[in-house]
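Spelled out, the chains give:
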Amino acid sequence: SGSIPAVPDAPQAPSASRPIAPAHSSQKQAPAPPSAAAMAAAPASSSAVAPGAPSNRKLFKILIPSAAVVLALFLAWHIFFGSGKSAKLTEKDSVLLADFVNTTGDPVFDGTLKQALAVQLEQSPYLNIVPESKIREALRFMGKPPDERLTNDVAREICQRQGIKAMLTGTIASLGNHYVVTLAALNGATGDSLAREQVEVDSKEQVLKSLDKAASSLRQKMGESLASVQQFATPLEQATTSSLEALQAFSLGHEQHQQMQDDVALPSLQKAVQLDPNFAMAYATMGVALSNLGRATEGAEALKKAYELRDRASEREKLYIQAHYYDEVMLDPEKTLAVYAEWRQTYPRDTIPYDNAALDSSSVGQSEKALDFASQAHRMDPQDRYAYDNMAGAYEALNRFDEARSIAEEAVAKKLDGSGSRFVLVDLAYMHGDRAASERQTEAVKGTSLEPFVMFFNAAWQEAEGRVNTSRETWKQTRQKLISVGAKDLAASLMTFEAYDDALLGYQDQARQKASQALELANDTDTRGEAAFALAAAGEAEKSSTLAAALQRDVPDNHFIQALLIPEARAMQQFDKNSLSEALSTLESLRPYELGIGPRSVGVTPVFWRGMVYLKMQDGAKAAAEFQRVLDHRGVAGFALEYPLAHLNLGRAFVLEGDKTKARTAYQDFFAAWKDADPDIPILKTAKAEYEKLK
């Protein structure tokens, strides 16, 4: 999941304080206009001329140009500051946020105030804050590392290179026991001042409040309406935290999370919530990071806490928290997509609701919509790595493999690849029988948090090719790797996946054993639901039914369990009991979710089992139509074992129809897909015996 840029709590507006001019400033200051009092105090003219003084004619020659200069300066000041028009930005103008200059000697302000200012400014639907991806791209072209400090000079160069209209700078300085906070909006091309705010505060504890007040005032000076500022300016202490130390820890963890280093980010995010147990956005970011690492139960708990504290967040952060709560805790794609629609309407320039709407659309089989959302995000921000991942995945799901490869390889070349791009490249390597390419992808992620996920893809693909013994070893290594990094829930969940495949291959005893072992390893909601599904496929209808009934009682609001996993398991239980009409009716309820991709989707499984029901009903034509539908969506099925088995069952359907020619071709396609398969797989032995009869 894409993540929201951190938006710390906006501090309460401080009491009015007198502006203090900093001792040193590199910013150009417009000259002050001559005051009326100063002009009135000018001495009256005298007819007497002092010795050495210029004559009236000479004095006239001197005063005229001087008056012209004064008048010009006065007019310039009036035009620039008096009208206020030149300081205004439009909604299309980009604004770059530079790093704060901290001369207090107190490291607690390092990075913290920029984070707080970002939270305040990003609440605004009006201001167009330059995304981190665009900044990293500019730094790369400048030959600088992606984490280069954005000093005023570096920020100014980025503005000039990228055509960014304005840059915001900030300083904090000590003044005895007080602090002076200064914010300035500068012209990105010239460095000229557009607007400026300065406040003095009595103590460190008041700094966030003073920053909040200054930022709100600056937003108005930059062109945002008072009504908008009032609506979208949750005080920083309410939206984030009153603890500078907690905000500092969150700032570091958030930055690492944005760089997809969730394992590195966790300690800082955990420290943030320890320092402030009411820090809603820190809990939310931690929840997403844990979920990304496969620690689903811990992630869900953190997101639940964030949801409980959602009133302690800005409007934008509330949308983030609600969307991820519906997505990761309730597992409800419809509610999640509704929040992203509201987010897009309120913050139309934000790529996050487009990126994540693409993911959720993919999970419910709406790949065209997913591609549209991902493409819009890419157009808004060509450096958005999530957009690349989502475009590559959507193209693959639509069987547009050339486009999928092109996008994924472009992402890798630009160093904008995430998990999605890597998974697509693994899929395409296996589809084309390119073992070397799949090994390169595995090698590329070694030692990273992506390694166990690519190992999972390898295990699934090996099993889909009939290389069961090899896949079992890869499954084992994947489990060990996940358990070693604390992702026990995910390890158990993947074990149920392996159990289901064993059931399809004819290894019923192993399937039951692995489902039971998975439940011993973890007792989270996902593992229990998927174990019910695997046990039903292995013929353990009663055990499966008991698990499903407990889940219906324990997690009534979990959409994924209630609307997807339990119906799948129930359909297989009905299949096992020969209640075939009921099984078809149950599978029909899953039709809106078919052909989805992602960890919480049903993929082609309901389609495959609908075909199995029709086979059992001796309806060859309808069975053939379902199995052909599986084969027509290889981009969705990919590593799913149902894909090669659809060839086999299509042959069986043609036998029922009496078409032996088509049946032989389908069997041959299955054998070709399993040319490297282990010879002793039960379903392969059965298939060979059936084929011999066809001859």
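What you see is a predicted model, and the numbers here were worked out from it, not measured in a lab. For every chain, the first residue of the written sequence is number 1, and numbering continues from 1 along that sequence. Whole-chain, interface and lining totals are the exception, using all residues; otherwise, since this is a predicted model, local features are given only for residues with pLDDT of at least 70 and side-chain atom pairs are given and counted only at 80 or more. Side-chain numbers come from the whole structure's heavy atoms, not from hydrogens or water.

Caption draft 1: Main features of the overall build of the protein. The secondary structure listing takes helices from DSSP runs of H or I that are at least 4 residues long and strands from runs of E that are at least 2 residues long, numbered from the N terminus. Check the secondary structure of the protein and you find 34 helices and five strands. Within the protein, the fraction of its 695 residues that count as buried is 55%. When contacts within the protein are restricted to residue pairs at least 6 apart in sequence, long-range pairs at least 24 apart make up 64% of them. For the protein, the accessible area works out to roughly 29800 Å², and carbon and sulfur atoms hold 52% of it. Exposure is judged per residue with a 1.4 Å probe applied to protein chains only, and the accessible area is read against the type maximum: over 50% gives exposed, under 20% gives buried, and values in between give partly exposed. Two residues form a contact once any of their heavy atoms are found within 4.5 Å. Only the protein chains shown count as cover for residues, and the accessible areas themselves come from Shrake-Rupley with a 1.4 Å probe.

Caption draft 2: Region of the structure containing the packing of helix 23 (residues 488–505) against helix 24 (residues 508–521). Fitted lines through C-alpha atoms serve as axes, helices being fitted only where they are in contact, and the angles separating the N-to-C directions of these axes extend from 0 to 180 degrees. At their nearest, the axes of helix 23 and helix 24 sit 8 Å apart, and the two run at 170° to each other. Taken together, helix 23 and helix 24 sit at an angle that is classed as roughly antiparallel. The handedness of the crossing between helix 23 and helix 24 comes out as left-handed. In contact with K488, A491, A492, M495, T496, E498, A499, D502 and A503 of helix 23, helix 24 contributes Q508, Q510, A511, K514, A515, Q517, A518 and L521. In this classification, the charged set is Asp, Glu, Lys and Arg, the nonpolar set is Ala, Val, Leu, Ile, Met, Phe, Trp, Tyr, Cys and Pro, and all remaining amino acids, among them Gly, are polar. Per-class residue counts for the contact of helix 23 with helix 24 are nine nonpolar, four polar and four charged. Note that the term roughly parallel is reserved for angles under 35 degrees, roughly antiparallel for angles over 145, roughly perpendicular for angles of 65 to 115, and oblique for everything else. Note: crossing handedness is left-handed where the near helix turns anticlockwise from the far helix by less than a right angle, and right-handed where it turns clockwise.

Caption draft 3: Quick peek at the packing of aromatic side chains. A pair of aromatic rings is counted whenever rings of Phe, Tyr or Trp (Trp by its six-membered ring) have centres within 6.5 Å, and the orientation is called stacked for planes under 30 degrees apart, edge-to-face for over 60 and tilted otherwise. Applying the stated rule across the entire model yields 25 aromatic pairs. Between W475 and F497 the ring centres are 5.8 Å apart and the planes differ by 45°, which places this aromatic pair in the tilted class. Residue W475 is located in helix 22 (residues 468–484), and its partner F497 is located in helix 23; the two are separated by 22 residues in the primary sequence. Three or more aromatic residues link up through ring pairs in this structure, and these residues are F423, F456, F457, W475, F497 and F639. Over a ring means this: the NZ of a Lys or the CZ of an Arg is within 6 Å of the ring centre and within 35 degrees of the ring normal. Over the ring of Y507 we find R472, and its NZ or CZ is 4.6 Å from the ring centre. In this structure, K616 packs its charged tip against the face of F575, placed 4.1 Å from the ring centre.

Caption draft 4: Layout of the confidence of the model for the protein. Confidence scores here are pLDDT values: one per residue, from the predictor, ranging 0 to 100. The share of residues in the protein with pLDDT of 70 or more is 87%, and the mean pLDDT across the chain is 84. Across residues 1–86, confidence stays below pLDDT 50; counting only partners more than four residues off in sequence or on other chains, it has 137 contacts.

Caption draft 5: View of the sheet that holds strand 5 (residues 193–201). For two strands to be treated as a pair, DSSP must find at least two bridges joining them. In space, the five strands of this open sheet follow the order 2-1-3-4-5, with mixed pairing throughout. Of all strands in the sheet, those bounded by a partner on one side alone are strand 2 (128–129) and strand 5. In terms of strand pairing, strand 4 (residues 178–187) meets strand 5 through eight bridges, oriented antiparallel. Each bridged residue has a counterpart across the sheet, and for A184 the counterpart in strand 5 is R196.

Caption draft 6: Spotlight on the side chain of T442. Mapped onto the elements, T442 comes out in helix 20 (residues 435–444). Polar contacts, as used here, are pairs of N or O atoms within 3.5 Å; protein pairs need one atom able to donate a hydrogen and one able to accept it. Residues neighboring in sequence count only if both atoms are side-chain atoms. Side-chain polar atoms of T442 contact the side chain of N458, separated by 2.9 Å. If we skip the residues at most four places from it in the chain, T442 touches V454 and N458.

Caption draft 7: Summary view of helix 21 (residues 451–464). Here helix 21 spans 20 Å end to end across 14 residues, near enough to the 20 Å set by a 1.5 Å rise per residue. In terms of burial, helix 21 is a largely internal element, 13 of the 14 residues being buried. Positioned one or two residues after helix 21, G466 has a phi angle of 85°, which is positive. By this rule, a helix spans an expected 1.5 Å times one less than how many residues it contains.

Caption draft 8: Summary view of the nonpolar core. What makes a nonpolar core is a set of buried Ala, Val, Leu, Ile, Met, Phe, Trp, Tyr and Cys residues whose side-chain atoms join them at distances within 4.5 Å. By size, the foremost hydrophobic cluster in this structure holds 116 residues, and its most contacted members are L211 and I321. With nine residues, the single largest contributor to this core is helix 11 (residues 280–292). Listed in part, the 78 residues of the second largest apolar core include V555, A571, Y643 and A663.

Caption draft 9: Spatial organisation of the pairing of strand 1 (residues 94–102). The buried fraction of strand 1 is high, at seven of nine residues. Note: strand 1 against strand 3 (residues 166–175), six bridges, orientation parallel. Within strand 3, the residue paired with N102 across the bridge is I172.

Caption draft 10: Structural view of the environment of K481. Its place among the elements puts K481 in helix 22. Separated by 26 residues in the primary sequence, K481 and M455 place their C-alpha atoms 9.3 Å from one another. Ignoring any residue separated from it by four or fewer positions in sequence, one finds K481 in contact with E451, P452 and M455.

Caption draft 11: Main features of the pattern of salt bridges. What counts as a salt bridge is simple: a side-chain nitrogen of Lys or Arg found within 4 Å of a carboxyl oxygen of Asp or Glu. Scanning the entire structure with this criterion turns up 34 salt bridges. Here R467 and E465 are joined by a salt bridge, their closest N and O atoms 2.9 Å apart. Judged by its relative accessible area of 13%, E465 is buried. Between E594 and R610 there is a salt bridge, with its nearest N and O atoms 2.4 Å apart. Here E594 is found in the loop between helix 28 (580–588) and helix 29 (605–616), whereas its partner R610 is found in helix 29, with 16 residues between them in sequence. This pair shows no difference in class: E594 is buried, exactly as R610 is.

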